Amino acid sequence: ADSVWLEIDASKGYPIHASANLAGTIPSDSSSSYGGSNGIKEILLSGEGAYQTIANADVTLHDLHVPYHIGASTETGRLDVGGQPGATATLTIEPNVTLRFKKGGALYVDYSHSTTAATGTLVAVGTQQAPIVFTSAEAAPAAGDWLGLNFGDMPSPNDKLDFVTVAFAGASTSSGSSSCPYPGTTNNDAAVRIYGAPTSAFITNTSITDSATNGIDRGWASDAQADFLLDGTNKFARVVECTQTYPKNANNGGCPNPVPCPK
């Protein structure tokens, strides 16, 4: 991690292929370079295998001045944070970082859906001048290219997304949630899905664009009603369904009729 002045040039493909749990050790000093004449000017990350996930140690994705590409050709494009019993892990993403997910990919902060405390945390805090971008890796991106960001279990109180863009996500899945159903809809898919009731509306100053389904799925059953529209800092564009869904109450019911679907 303390290496400096690493230059990788003229690679036929990616300059580096790394396991996600080791990505924080890639030198990020101003003298290191990964663009140049490399065939693919991205850092390729694998984050779904047993020894690749960010599960029992904290990792920071530094601004390396090239995007991170999530998912090799033989992988599904998952990047998993947390999910290992008895361990915790935080993924921190620096401002100006772009993560490009292969078609069908997703970032899971705890894959399981339960009422236990999440073991993973995501801290993605950009700035207005240097936002963090989660997007499609397709050559011609389209809505629904990838699933999006998923927060399973009961989200960590340390989760934070600020000055972030989530683009071309919201693909359809077979995974339901505890948000109120809409007529003619089987699952409330979304660019960002949250399965447990968060302690606060931890997404701020964020743009969700080109979602094939909803913007944010508030997919929990709880009387806690964190509202991601309340402070007015989150923006939505070209979201096919609702900007945010409506959660059920603690008795797994209490859905109004009609269910609110803000646009």
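Here goes a summary of the coordinates provided.

Quick word on the state of the cysteines
Move 1: Counted under the stated rule, the structure contains two disulfides.
Move 2: Here C180 pairs with C255 through a disulfide, and the sulfurs are 2.1 Å apart. With the S-S bond torsion at -90 degrees, the cross-link from C180 to C255 turns out left-handed. With a gap of 75 residues between them, C180 in the loop between β13 (164-167) and β14 (190-194) and C255 in the segment after β18 (235-237) connect regions that are remote in the sequence.
Move 3: Two residues share a disulfide in this structure: C242 and C261, whose sulfurs sit 2.0 Å from each other. Taking the sign of the torsion about the S-S bond as the criterion, the disulfide between C242 and C261, at about -105 degrees, is left-handed. Highlighted residues: C242 in the segment after β18 and C261 in the segment after β18, separated in sequence by 19 residues.
Move 4: Residue C242 is classed as buried on the basis of its relative accessible area, which comes to 2%.
Move 5: The connectivity of the disulfide bonds within the chain can be written as 1-3, 2-4, using the sequence rank of each bonded cysteine.

About the criteria used
- Residues numbered from 1 in each chain as written.
- Predicted model: local features only at pLDDT ≥ 70, side-chain atom pairs only at ≥ 80, totals over all residues.
- Heavy atoms only, no water.
- Disulfide = S-S within 2.5 Å.
- Helix = DSSP H or I, 4+ residues; strand = E, 2+ residues; numbered from the N terminus.
- Buried < 20%, exposed > 50% of the residue type's maximum accessible area, 1.4 Å probe, protein only.

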